[in-house]
Amino acid sequence: MKKSKILILLVTLSFPVILYLFLRSYGQNEFNLPIFFEDQEKRYCNDVNLTRDNVEFMNLNQKEIVKLSEIYDADFKVIHFPNTQDPEIQTLKNELNRVLNTFDEVSISILSLQSIDSGKVDQLGNTGFLPSKKSKTYLYHENKRNSLINCLYAFPTKEWDGEHPSEDIIAADETLVLLDEQNRIRGYYNGYETKEVDRLILEIRVLLSKK
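All figures in this text were calculated on a predicted structure; none of them were measured in a lab.

J.: Would you mind going over the overall build of the chain with me for this structure?
T.: Of the regular secondary structure elements, the chain holds five helices and seven strands. Going from the N terminus to the C terminus, the chain shows its helices and strands as α-β-β-α-β-α-β-β-α-β-β-α. Of the contacts formed within the chain by residues at least 6 apart in sequence, a portion of 70% connects residues at least 24 apart. Carbon and sulfur atoms form 50% of the exposed surface of the chain, whose accessible area is close to 12900 Å².

J.: Looking at this model, I keep getting lost on the environment of Ile-89. Mind explaining?
T.: Along the chain, the position of Ile-89 falls in helix α3 (residues 89-102). For the pair Ile-89 and Glu-174, spaced 85 residues apart in sequence, the C-alpha to C-alpha distance is 9.5 Å. In contact with Ile-89, other than residues within four places in its own chain, are Pro-82, Asn-83, Thr-84, Phe-129 and Tyr-192.

J.: Honestly, the packing of aromatic side chains in this entry has me stumped. Any pointers?
T.: Geometry of an aromatic ring pair is reported as the spacing of the ring centres plus the angle between the planes. Scanning the model with the defined rule gives five aromatic pairs in all. Seen in terms of ring centroids, Phe-36 and Tyr-188 are 5.1 Å apart; in terms of plane orientation they differ by 75°. Their pairing is edge-to-face. Here Phe-36, found in the loop between α1 (2-26) and β1 (56-59), pairs with Tyr-188, found in strand β7 (residues 185-190); they are 152 residues apart in sequence, far enough to count as distant. For Phe-36, a relative accessible area of 11% puts it in the buried group. For the ring pair Phe-81 and Phe-155, a centre distance of 5.4 Å and an interplane angle of 80° mean the geometry is edge-to-face. Here Phe-81, found in the loop between β3 (76-80) and α3, pairs with Phe-155, found in the loop between α4 (145-152) and β6 (175-179); they are 74 residues apart in sequence, far enough to count as distant. Put simply, the rings of Phe-81, Tyr-140, Tyr-153 and Phe-155 touch in pairs and so form one group of aromatic residues.

J.: Please clarify how the pattern of salt bridges should be interpreted in this entry.
T.: A full pass over the atoms with the stated rule returns nine salt bridges. Asp-180 serves as the salt-bridge partner of Arg-184, at 2.9 Å between the closest nitrogen and oxygen. When salt bridges with common partners are traced through the structure, they connect Glu-95, Arg-98 and Asp-198 into a single cluster.

J.: Please clarify how the packing of α3 against helix α5 (residues 194-210) should be interpreted in this entry.
T.: It is the contact of α3 with α5, at a shortest axis distance of 10 Å, that shows an interaxial angle of 25°. When the axes of α3 and α5 are compared, the pair comes out roughly parallel. Between α3 and α5 the crossing geometry is right-handed. Across the interface between the two elements, Glu-95, Arg-98, Val-99 and Thr-102 from α3 touch Thr-194, Val-197, Asp-198, Leu-200, Ile-201, Ile-204 and Arg-205 from α5. Its residues assigned to classes, the contact of α3 with α5 shows five nonpolar, two polar and four charged.

J.: Explanation requested: unusual backbone geometry in the structure shown.
T.: Working note: non-glycine residues mostly have negative phi, and peptide bonds are mostly trans. For Ala-154, which is not glycine, the phi torsion reads 50° and is therefore positive. Among the secondary structure elements, Ala-154 is positioned in the loop between α4 and β6. Here Asn-183, not a glycine, exhibits a phi torsion of approximately 65°, which is positive. The exposure class of Asn-183 is buried, given its relative accessible area of 18%.

J.: Help me understand the side chain of Ser-135 in this model?
T.: On the secondary structure map, Ser-135 appears in strand β5 (residues 135-140). Residue Ser-135 is classed as buried on the basis of its relative accessible area of 9%. In contact with Ser-135, not counting residues within four places along its chain, are Leu-100, Ile-110, Ser-112 and Leu-130.

J.: Can you walk me through the sheet that holds β7 in this structure?
T.: An order of β2-β1-β5-β4-β3-β6-β7 is seen for the seven strands of this open sheet, with the pairing classed as mixed. Because the sheet does not close on itself, it has two edges, and the strands there are β2 (64-67) and β7. With direction set aside, neighbouring strand axes in the sheet form an average angle of 35°. The sheet contact formed by β6 and β7 spans five bridges and is antiparallel. Bridge pairing in β7 places Leu-176 opposite Tyr-189. The strands touched by α5 within the sheet are β3, β4 (108-115), β6 and β7, with β7 carrying the most contacts at an inclination of about 160°.

Cut-off values and rules
- Residues numbered from 1 in each chain as written.
- Predicted model: local features only at pLDDT ≥ 70, side-chain atom pairs only at ≥ 80, totals over all residues.
- Heavy atoms only, no water.
- Helix = DSSP H or I, 4+ residues; strand = E, 2+ residues; numbered from the N terminus.
- Contact = heavy atoms within 4.5 Å.
- Areas by Shrake-Rupley, 256 points an atom, 1.4 Å probe, with all protein chains shown as cover.
- Phe/Tyr/Trp six-rings, centres within 6.5 Å; stacked < 30°, edge-to-face > 60°.
- Buried < 20%, exposed > 50% of the residue type's maximum accessible area, 1.4 Å probe, protein only.
- Salt bridge = Lys/Arg side-chain N within 4 Å of Asp/Glu carboxyl O.
- Axes fitted to C-alpha atoms, helices over the stretch in contact; angles between N-to-C directions.
- Parallel < 35°, antiparallel > 145°, perpendicular 65-115°, else oblique.
- Left-handed = near helix turned anticlockwise from the far one by under 90°.
- Nonpolar A, V, L, I, M, F, W, Y, C, P; charged D, E, K, R; others polar.
- Pairing = 2+ DSSP bridges.

No statement about biological role is implied by the geometric values presented.
This is the structure we're talking about:
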């Protein structure tokens, strides 16, 4: 009786190993992330003059105007438009810091884009959204918000005019956008939801595995 229990235990413990080796040897288990809006014309955009080549931001620290291409200084970028007046904003900061801590040795940056009137820039001081070398804060004028969200980054909000390929509708202030090394949109995530940030971390790992 004792020998039969040991045999059953051995079979039970060895089955996952055998299954793993089988799948690794004979299976093809690939997880490919979609590329959103690879064709620029498919986006909903009222601002026909807004392109990645001419959009400008102000660098919060240097107080200088920079082109969009200048802020894309890492292989992977997480773009977001935070509402700094949100009483729950610390939740977003905690989740973004978790992303940065997970990929400490990876070329990744968090790009926080905040709207500001030109006359109020000095009131912000030099404090960025997150205190990290891998996180940078850039300012844009409020009248460009709609174009940036609907055209450049195509947020999956309720205001989107047409069918959006993202599975979820996310509030603009809560949306995280993942860009790959070619600055293509690879995913949308709710930065206030731990499970969504877990998915972001997983999908960054997937992109890293493809390099």
